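Here is how the chains run, residue by residue.
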Amino acid sequence: MNMEKERYLVGNILEDLEEKMVFIGGARQVGKTTLATKIITKNIANYVYYNWDYSPDRKRMMKFEMPSEESLLIFDEIHKYRKWKSFIKGIFDVYKNKYKIIVTGSARLNVYRKGSDSLQGRYHYYTLHPFSVAEMCNVKNDFIPLHELYFQSEKSKELNEATELLLKFGGFPEMILTQSEKSLRRWHNEKIERLFKEDIRDVENLRDINSMKLLGDMLPSKVANQLSINSLRADLEVSHRAISEWLDVLEMFYYHYRIYPYSAKVIRSIKKEPKLYLVDWSEVEDESLRFENMIASHLLKFVQFINEAEGYKIKLFYLRNVDKKEVDFFVNVNEKPWFAVEVKLNDTEPSPNLLYFKERLKIPFLFQVVNKKNVDFIRKDVRVISASKFLSGLV
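Residues numbered from 1 in each chain as written. Predicted model: local features only at pLDDT ≥ 70, side-chain atom pairs only at ≥ 80, totals over all residues. Heavy atoms only, no water.

So, the overall build of the protein chain
- In terms of regular secondary structure, the protein chain is built from 14 helices and 13 strands.
- For the protein chain, the C-alpha radius of gyration of 22 Å lies close to 21 Å, the compact-globule estimate for 395 residues.
- Taken along the three principal axes of its C-alpha coordinates, the protein chain extends 65 × 50 × 45 Å.
- Taking all 395 residues of the protein chain together, 56% fall into the buried category.
- Contacts in the protein chain between residues at least 24 apart in sequence constitute 67% of all its contacts with a sequence separation of at least 6.
- Per element, the accessible surface of the protein chain, about 18400 Å² overall, is 44% carbon and sulfur. (Helix = DSSP H or I, 4+ residues; strand = E, 2+ residues; numbered from the N terminus. Rg over C-alpha atoms; globule rule 2.2 N^0.38 Å. Buried < 20%, exposed > 50% of the residue type's maximum accessible area, 1.4 Å probe, protein only. Contact = heavy atoms within 4.5 Å. Areas by Shrake-Rupley, 256 points an atom, 1.4 Å probe, with all protein chains shown as cover.)

Details of the environment of Leu 361
- One can find Leu 361 in helix α13 (residues 352–361).
- Here the alpha-carbon distance between Leu 361 and Lys 191, two residues 170 residues apart in the chain, equals 41 Å.
- When neighbours within four sequence positions are excluded, Leu 361 is seen to be in contact with Tyr 262, Ala 264, Val 266, Ile 267, Leu 319, Phe 330 and Pro 337.

A closer look at the pairing of strand β8 (residues 314–320)
- Within β8, six of the seven residues are buried, which leaves the element mostly enclosed by the surrounding structure.
- Across six bridges, the pairing between β8 and strand β9 (residues 326–333) is antiparallel. Paired with Arg 320 across the two strands is Glu 326, which belongs to β9.
- Turn length for the β8-β9 hairpin, with the two strands adjacent in sequence and antiparallel, is five residues, and the turn residue Lys 324 shows positive phi of about 70°. (Pairing = 2+ DSSP bridges.)

A short note on the pairing of strand β13 (residues 382–386)
- For β13, a buried count of five out of five residues is recorded, marking the element as mostly surrounded by other parts of the structure.
- Residues Val 382, Val 384 and Ser 386 of β13 are buried on one face, and the alternating residues Arg 383 and Ile 385, pointing to the opposite face, are buried as well.
- Relative to β13, strand β11 (residues 365–370) is paired through four bridges, and the arrangement is parallel. Each bridged residue has a counterpart across the sheet, and for Gln 368 the counterpart in β13 is Val 384.
- Bridge analysis of strand β12 (residues 376–379) against β13 gives four bridges, and the strand direction is antiparallel. If you follow Phe 377 over to β13, its bridge partner there is Val 384.
- Linking β12 to β13, which pair antiparallel, is a turn of two residues; within it Lys 380 sits at a positive phi near 55°.

What to know about helix α9 (residues 209–218)
- Residues of α9 that are buried include every one of Ile 209, Ser 211, Met 212, Leu 215, Gly 216 and Met 218, and no others. For α9, the buried positions fall inside an angular range of 160° around the axis, keeping them on one side. In this structure, α9 carries Asn 210 and Asp 217 as exposed residues pointing more than 90 degrees from its buried face. (Arc of directions from axis to C-beta.)

In structure tokens:
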């Protein structure tokens, strides 16, 4: 597979560069630099790449060595520079008619450095996610929020193969290329070490980074379950505040994400802990939990793309009430229900919880996604559908 193929954000980024800067955040090794320097630049005559981690590039930036002709400027990992926002703002305000600017980083550039955002109104932000089934199979969908999703009826063999590959190796380009279990194990170990030793330590002043690493080791076993900070605090024998801070930092650096329960009186919903998932679901050992994590990550990619590219107020939740009735995922747009998803490894009998929440929340579309090939039928208002076909209808 060619990892330099056009990725799902290219058209949106090129359009936005005509008016504003574009910031691209995402996990380490998800393909941000390749997207910026080898894919986007195919459509632009001149570009200059600056990497903050590379000393000669750092010196060029500090000396303000910029090209004389109109160019695309790509700043990679510049968020590690304490004054990066004012630096970028100065270039854009003075030279916005001469330079197009892309900023990439392995931290959430739109929330990094708390306080007022001096760049407000000057940039569009995109999250680059790992490869998904639709992207692997070059399926491009048009989405109309609150309307029916359309799924690929062709390419079933290709979709099945992509789903199996992603479930086993995750969606990061390097592992998709190597498809080696030994390489995957080594890559997990090295990725975690680099995350703590290079990324987090470079920009965060944390006293007990070793305990934070222990927290990171524990999180894959917490996937798809409600996350109790008190339980983690007891296991690590640290404060509630420390655990909360570490979870926020790890999320900021795209190690994990949290999905929160939807709150509504009509379903007597809980207002408790979120469920946690990993950006790299290949770290999850249990097959059923890894499968649910993969579906969660596809849905998060779908929701964030529609929000960031189209501006819709779209959110991803899970459903759970005080009677412990639960549905894995729920998507709404502008506070209106769109669809709910229950994930089962093999069970094709529709979950009664889907019907329970449909009745109370008036959810238009219900799906039960299973890890079986060539499944697609409707029973009791629930569309039971194979993962490969369902994921072909997303991003």
